[in-house]
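Listed below are the residues making up each chain.
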Amino acid sequence: MVKAIVGACWGDEGKGKITDMLGQEADIIVRFQGGSNAGHTIINEYGKFALHLLPSGVFYKHTTSIIGNGVALNIPYLFKEIKSLVDRGVPMPNIKVSDRAQIMMPYHILFDQYEEERLGGKSFGSTKSGIAPFYSDKYAKIGFQVSELFDEELLKDKIARVCEMKNVILEHLYHKPAIDPNELFNTLMEYKRVVEPYVCDVSAYLYDAIKAGKNILLEGQLGALKDPDFGIYPMVTSSSTLAAYGAIGAGIPAAEIKDVIAVVKAYSSAVGAGEFVSEIFGEEADELRRRGGDGGEYGATTGRPRRMGWVDMVASRYGCRMQGATEVALTVLDVLGYLDVIPVCIGYEINGEVTKDFPTTVKLAKAKPVYVELPGWKQEIRGIREYKDLPENCRKYIEFIEKELEVPITMVSNGPGRDEIIRR
Ligand code: GDP
């Protein structure tokens, strides 16, 4: 049985917590896209962790953690991350890395920085982890698969060809030092040494696991609105964030994904630039940011303050639809207990007309939020474990959102901890 856990909006919905929680019953957890550019925050018996590249199941002894072919594999980062867990008492996780995953090259990270510098005020607000240059090269067919590390002659030839091209851009566009092909080869040999024990034909491994009836979780990064096709292009990420891509990025048949859990936040937050219709500002935003998440809404990778807003039904319903959500986990509901009334965005006004459909970016830029206000519940709801024990206004808020999303809310998260969950 394969389940995907994915974000309905801009990311940071709390997928890490839901994956970590469902990991208790999983055999295998797979990252299928993205790289070390976003983070998941997880709180468990070992402490508080920000994971970037490893799947959120790495804390369990019984799970296998997989870096799928769709991921941007930053090898030094991966090993730094493993070490940081083991140093804090987490048992050495069982990790497999797809032989078809492509390698984040040192120059991808540099190009990301140089390009953001060049664009200045018009930059994408990249986390400068090399993601866009990495995926550009993958699709331009000049990327390096893990498997290519194992044929040194072919590798040398390819490095020479790629460096020739990269060095022209470095010299003439960015005015930066050139790449030395020999040095790059030595770096890749070092990468090979560290990654070799984990390299695996992941699609074959998962094929057998599916046949054996194993429980497999696909863990998405970011959310539907950051998808390059269906998100707020061009302020998106460079790999598909949709559950459908989970099949490709992990290497399994599409029809095997039986359950898609879209994670929706009880309010909105976003990092980086891009359209965000229900965004709020000033003291109202500061207060929500301070109270939000676990100890405030600041990026797990960059520490940047997240942009804040009210829950957006137009964006979230669209996100659930594009994810193909079969169920929804509604998170961080506990954060809203301080509000007298809670605005919920139910439509976008564009050129004087109200729509409930999420538009393309050009129109989105003109959209103004249409709100309804629901009464708050004005109490702490952490510690509650049964749906019926939630305050009435809180249940009404959940049920209103569920109706708007058109997908059943099966889980309500009322705290960052692994067991802070109400199942419906
Ligand atoms: P992800 O990338 O989707 O996994 O999300 P992040 O980990 O970046 O952000 C979610 C943040 O909210 C983390 O700090 C979590 O510990 C925290 N969190 C998750 N669920 C809840 C919840 O129900 N209540 C509260 N207060 N915090 C939560």
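Everything that follows concerns the structure shown earlier in this document.
Residues numbered from 1 in each chain as written. Predicted model: local features only at pLDDT ≥ 70, side-chain atom pairs only at ≥ 80, totals over all residues. Heavy atoms only, no water.

### Re the overall build of the chain
Within the chain, the regular secondary structure consists of 12 helices and 21 strands. Considered along the principal axes of its C-alpha atoms, the chain spans approximately 70 × 50 × 40 Å. In the chain, which comprises 424 residues, the proportion classed as buried is 58%. Sequence-distant contacts, at least 24 apart, represent 75% of the contacts inside the chain between residues at least 6 apart. (Helix = DSSP H or I, 4+ residues; strand = E, 2+ residues; numbered from the N terminus. Buried < 20%, exposed > 50% of the residue type's maximum accessible area, 1.4 Å probe, protein only. Contact = heavy atoms within 4.5 Å.)

### Quick notes on the packing of aromatic side chains
Summed over all chains, the structure comprises 12 aromatic pairs. With a centroid separation of 4.9 Å and 50° between ring planes, the pair formed by Phe 49 and Phe 59 is classed as tilted. Taken together, the residues Phe 49 in strand E4 (residues 47-51) and Phe 59 in the loop between E4 and strand E5 (64-67) connect sequence positions 10 residues apart. Phe 59 carries the same exposure label as Phe 49, and that label is buried. For the pair Phe 79 and Tyr 198, a centre-to-centre distance of 5.3 Å together with 45° between the ring planes defines the contact as tilted. Separated by 119 residues along the polypeptide, Phe 79 in helix H2 (residues 75-87) and Tyr 198 in the loop between helix H6 (181-195) and strand E9 (199-200) bring together distant segments of the chain. As far as the burial class goes, Phe 79 and Tyr 198 line up, both buried. Linked through ring pairs, Tyr 107, Phe 111, Tyr 114 and Tyr 174 together constitute an aromatic cluster. The ring of Tyr 77 is capped by Lys 80, whose NZ or CZ atom sits 4.9 Å from the centre of that ring. Positioned above the aromatic ring of Phe 144, the side-chain terminus of Lys 158 is 4.6 Å from the ring centre. (Phe/Tyr/Trp six-rings, centres within 6.5 Å; stacked < 30°, edge-to-face > 60°. Lys NZ or Arg CZ within 6 Å of the ring centre and 35° of its normal.)

### Some words on the site of the ligand
Contacts to the ligand come from 19 residues, most closely from Gly 16, His 40, Thr 41, Asp 334 and Ser 413. With respect to the ligand, the backbone of Gly 16 contributes an N or O atom lying 2.6 Å from an oxygen atom. One of the backbone N or O atoms of Val 332 is found 3.0 Å from an oxygen atom in the ligand. Protein chains bury 97% of the 580 Å² of accessible surface belonging to the ligand in isolation. With 3 residues, the single largest contributor to the shell around the ligand is helix H1 (residues 15-22). Counted by class, the shell around the ligand contains 3 nonpolar, 9 polar and 7 charged residues. (Near = heavy atom within 4 Å. Polar contact = N/O pair within 3.5 Å; in protein donor to acceptor, adjacent residues only side chain to side chain. Areas by Shrake-Rupley, 256 points an atom, 1.4 Å probe, with all protein chains shown as cover. Nonpolar A, V, L, I, M, F, W, Y, C, P; charged D, E, K, R; others polar.)

### Quick look at helix H8 (residues 243-250)
Side chains three or four residues apart in an α-helix point the same way, a direct result of the helix having 3.6 residues per turn. Where burial is concerned, most of H8 is hidden: 6 out of the 8 residues are buried. Following H8 by one or two positions, Gly 251 has its phi on the positive side, about 95°.

### Some details on the packing of helix H5 (residues 152-174) against H6
Contact pair H5 / H6: the axes reach a minimum separation of 10 Å and the direction vectors enclose 135°. With respect to each other, H5 and H6 are oriented oblique. Considering how the two elements wind past one another, H5 and H6 form a crossing that is right-handed. On H6, the residues that touch Glu 152, Leu 155, Lys 156, Ile 159 and Cys 163 of H5 are Pro 181, Leu 184, Phe 185, Leu 188, Met 189 and Lys 192. Among the residues making up the contact of H5 with H6, the classes are represented as 8 nonpolar, no polar and 3 charged. (Axes fitted to C-alpha atoms, helices over the stretch in contact; angles between N-to-C directions. Parallel < 35°, antiparallel > 145°, perpendicular 65-115°, else oblique. Left-handed = near helix turned anticlockwise from the far one by under 90°.)

It is worth stressing that arrangement in space is one thing and function is another; only the former is reported here.
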